[in-house]
Amino acid sequence: MRHIHSKLPEVNTTIFTVMSQLASEYDAINLSQGFPNFDASPELINLVTQGMLKGYNQYAPMPGLMSLREVIANKTNALYSSNYHPDTEVTVTSGATQAIFTIISAFVTHGDEVIIFKPAYDSYEPSIELFGGTIVPVQMSAPDFRVDWQEVSSKITSKTKMVIINTPHNPSGSVLSKEDMLQLEKLLKDTNIILLSDEVYEHIIFDGQQHQSVALFPGLAERAFITASFGKTFHTTGWKMGYCLAPKELMTEFRKVHQFNVFCSNHPMQYALAEYLKTPENYLSLPDFYQEKRDLFLSLIKDSRFTFSPAAGTYFQLLDYAAITDEGDVAFAERLTKEHQLASIPVSVFNLNQQDDHVLRFCFAKTEDTLKRAAEILCRI
């Protein structure tokens, strides 16, 4: 048999796939993988059909439909007092993960160091490794998942090519504050370090907080890519539609790779999104929409043996189970699925050295009935 040299020898099936398969096998309520179990807007779906009927069925322009890029720029500039140009600084992508992979592939080469904050979304590290980069992790810990900026400062070297941040943060549900962003801006000043800001949950932020996009901070925006997800915003994760923003000089390099990666994204969906985004309420209503679900879920489990701090953003809630068992989180998540028919995600798999804080991640982007059934299970444990 031919010997295959793997570029990613340590990468196996993702925890999301593992837990979703386990949920299916044991007929469990699936609060593991991060997708809504309710329908997208009928208006948005109808707009996709309109796009098809109007002939938007061949390749879209490589950077994306201009009408969509214009409305993205208008939306971003209105929200964050920025000045992104739709022609040269906005690119439509096939989901945020494709944008992240393209950014890393365009800039990271052998020997470059990339600082990431753990627990981290699991696409960052293999993408860095594929292009010969060295991962420099900064561990955040339960319960608050705050960044130690002194530690970050100590890890910046002459080899640091990129820093990747994620706010609101998956899996913890924490958010970076204005002070956090100012600290980061100070650290990166007078360097050539590129910032990749994963902001896919920008519109899912709670308790009256404002999302601290890097677009609000000139010293960050001048060196940054922002990645965003229509799938997260409009309950259409299966469409794999997103976009990224960056200054012209950075975006030029991004597009050199993008054109040979996917070339362009789904054309009729771009038409639909361009129309749907013209009504700001379609995305500005999300904080209230998801906070209602968060608050319902937490009110239903307030008398359980799980402890928690309400998520500040995203549609994920961490629950601490230390009062229930001293099992590792992977073992407990498996047992919860098999014995109690409720699937979640163990957070240690995203941590440095699989640090186990005895917390599980639950997705509350679900119908009221699903959340009630899940809460009944949690309250019985």
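This is a predicted model, so every value here is computed, not measured.

Chemist: Where do I start with the sheet that holds strand β12 (residues 359-363) in this structure?
Modeler: Strand order across the open sheet formed by three strands is β9-β12-β11, with antiparallel pairing between neighbours. Where the open sheet ends on each side, the last strands, each with one partner, are β9 (316-320) and β11 (345-346). By the bridge criterion, five bridges tie β9 to β12 in an arrangement that is antiparallel. Opposite F316, over in β12, you have C363 as the bridge partner.

Chemist: Help me understand helix α3 (residues 66-80), please; the structure alone is not making it clear to me.
Modeler: At 3.6 residues per turn, the α-helix brings residues three or four places apart onto the same side. Between its first and last C-alpha atoms α3 spans 21 Å; for 15 residues at 1.5 Å apiece the expected length is 21 Å, and the two agree. What α3 keeps buried is the set L68, R69, V71, I72, A73, K75, T76, N77 and Y80. Trailing α3 by a residue or two, S81 shows a phi angle of about 55°, which is positive.

Chemist: I tried to follow the nonpolar core on my own but got confused; where do I start?
Modeler: Inside soluble globular proteins, nonpolar side chains tend to come together where they are buried. Core analysis: the largest hydrophobic core is formed by 53 residues, its most contacted members being L68, I72, F117, I165, L195 and F230. Counting residues in each nonpolar core, the second largest holds 40 residues, with I15, M19, V200 and F306 among its members.

Chemist: What should I look at first to understand the pairing of strand β6 (residues 194-198) in this one?
Modeler: Regular strands place their side chains on alternate faces of the sheet. β6 sits mainly inside the fold: five of its five residues count as buried. In β6, alternate side chains face the same way, and those of I194, L196 and D198 on one face and L195 and S197 on the other are all buried. Where strand β5 (residues 160-166) and β6 come together, five bridges link them in parallel fashion. Counted as the bridge partner of N166 is D198 from β6. The parallel pair β5 and β6 is bridged by helix α7 (residues 178-188), and the resulting crossover is right-handed. Pairing of β6 with strand β7 (residues 224-229), which is carried by four bridges, proceeds in the parallel orientation. When the bridges of β7 are listed, L195 appears paired with A224.

Reading the values: rules and limits
- Residues numbered from 1 in each chain as written.
- Predicted model: local features only at pLDDT ≥ 70, side-chain atom pairs only at ≥ 80, totals over all residues.
- Heavy atoms only, no water.
- Pairing = 2+ DSSP bridges.
- Helix = DSSP H or I, 4+ residues; strand = E, 2+ residues; numbered from the N terminus.
- Expected span 1.5 Å × (residues − 1).
- Buried < 20%, exposed > 50% of the residue type's maximum accessible area, 1.4 Å probe, protein only.
- Core = buried A, V, L, I, M, F, W, Y, C linked by side-chain atoms within 4.5 Å.
- Right-handed = clockwise from strand over helix to strand, strands pointing away.

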